[in-house]
Amino acid sequence: MTPTIIKSPVEMRAWRRALAPELRVGMFPTMGALHRGHAELLHRLRENCDRLVLSVFVNPTQFAPHEDLDRYPRTFDLDLRLAAACGVDAIFFPDTQTMYPLGFSTYVEETSLTQGLCGPFRPGHFRGVTTVVLKLFNLVEPHLAYFGLKDAQQFFVLRKMVLDLNLPLSIEALPTVREPDGLALSSRNRYLSPDERTRAPALYATLQTAAASIIQGQGIEPTLTQARTTLEQQGFKVQYIECVSVPDLHPLGPPPRAENQAAMIAVAAYLGSTRLIDNILIS
Ligand code: AMP
């Protein structure tokens, strides 16, 4: 069945309020340009709710002025087909003007987990994400929302927002969906040249090697230095590679990590003009 396409916040709220109260609503927020990773999350969410809402909105407030807002891929017709195949009931596909009318001036900001990793390199990014996701939650009123661990910092920040602001929903993260060679699926992978695409899997391979070495008791700092060198030798320009505690995202270094400390190594690196991020959890 073709999903209902909903274009405005007013219609979104009306659709939601017309549902019987006993129906469990699941929501998956995206910026579109959907791929197999998104499809896997949608299939999983479909099994856990009665009505499934997908949002497709390239949110301008999470892009810094120098970033790729204008060239971000927009493929709504394909997204609609994928959504139909995944059993989506409604797609919320608003215009920028209806989400951010002239004079919009209220933002929500998480101030701890956003300080490291991508935070300093993407000023205003997480403020844009928390603001738009709170607006989406207010309009859709889901019982359950799914996110991908591919954007792990985003997930932990949003989960903190849900806790801190007492939002009445569960929020869950699903593992990163990858290409057979390990590259995390991303809407931005289409920017990679054929040569960059052959080098891109080194990002995750390097994270796997670093995680194994930390688990074997190697120091965090030398391991990260080695990982950075490996990536640079493969032609990456590394923005950061860090090992942080989970879920509070504090940098870990000396003293040695306690064995029961859940941790994550996260990386952001450019291949040519494409910025790739990835991470690996160490539990
Ligand atoms: P975006 O692709 O930025 O619109 O992300 C929409 C949602 O899909 C976010 O929760 C992402 O973390 C998630 N997502 C994107 N790519 C993947 C992937 N390869 N595996 C799992 N989740 C993903």
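For the structure, check the block above.
Residues numbered from 1 in each chain as written. Predicted model: local features only at pLDDT ≥ 70, side-chain atom pairs only at ≥ 80, totals over all residues. Heavy atoms only, no water.

## Digging into the pattern of salt bridges
Moving on, step 1. A full pass over the atoms with the stated rule returns 13 salt bridges.
Moving on, step 2. Residues Arg 36 and Glu 40 are paired through a salt bridge, measuring 3.7 Å at the closest nitrogen-oxygen approach. One end of the pair, Arg 36, and the other, Glu 40, are both in helix H2 (residues 36-46), four residues apart, so they sit about a helical turn from each other.
Moving on, step 3. Ionic pairing is found between Lys 160 and Asp 164, a salt bridge with its closest N-O pair at 3.1 Å. Within this pair, Lys 160 and its partner Asp 164 are both found in helix H6 (residues 152-164), separated by four residues, close to a single helical turn.
Moving on, step 4. The exposure class of Asp 164 is partly exposed, given its relative accessible area of 44%. (Salt bridge = Lys/Arg side-chain N within 4 Å of Asp/Glu carboxyl O. Helix = DSSP H or I, 4+ residues; strand = E, 2+ residues; numbered from the N terminus. Buried < 20%, exposed > 50% of the residue type's maximum accessible area, 1.4 Å probe, protein only.)

## Considerations on empty space enclosed by the protein
Moving on, step 1. On inspection of all chains with the given rule, the structure shows one cavity of 30 Å³ or more.
Moving on, step 2. Considered as a void within the structure, the largest cavity measures approximately 60 Å³ in volume.
Moving on, step 3. In terms of lining, the largest cavity is formed by Lys 150, Gly 182, Leu 183, Ala 184, Ser 186, Asn 189, Ala 200, Leu 203, Tyr 204, Leu 276, Ile 277 and Asp 278.
Moving on, step 4. Contributions of two or more residues to the lining of the largest cavity are made by helix H8 (202-215) and strand S9 (274-282). (1 Å grid on protein atoms, 1.4 Å probe; cavity = no way out; pocket = protein on both sides within 12 Å on 5 of 7 lines; lining within 4 Å. Points joined across faces, edges and corners; volume = space filled by probe spheres on them.)

## Examining the packing of helix H1 (residues 9-17) against helix H5 (residues 125-140)
Moving on, step 1. Viewed as axis vectors pointing N to C, H1 and H5 meet at an angle of 45°, and their least axial separation amounts to 8 Å. Of the possible angle classes, the one that applies to H1 and H5 is oblique. For the pair formed by H1 and H5, the contact residues are Pro 9, Met 12, Arg 13 and Arg 16 on the first element and Asn 138, Leu 139 and Val 140 on the second.
Moving on, step 2. Each residue belonging to the contact of H1 with H5 can be placed in one class, and the counts come to four nonpolar, one polar and two charged. (Axes fitted to C-alpha atoms, helices over the stretch in contact; angles between N-to-C directions. Parallel < 35°, antiparallel > 145°, perpendicular 65-115°, else oblique. Contact = heavy atoms within 4.5 Å. Nonpolar A, V, L, I, M, F, W, Y, C, P; charged D, E, K, R; others polar.)

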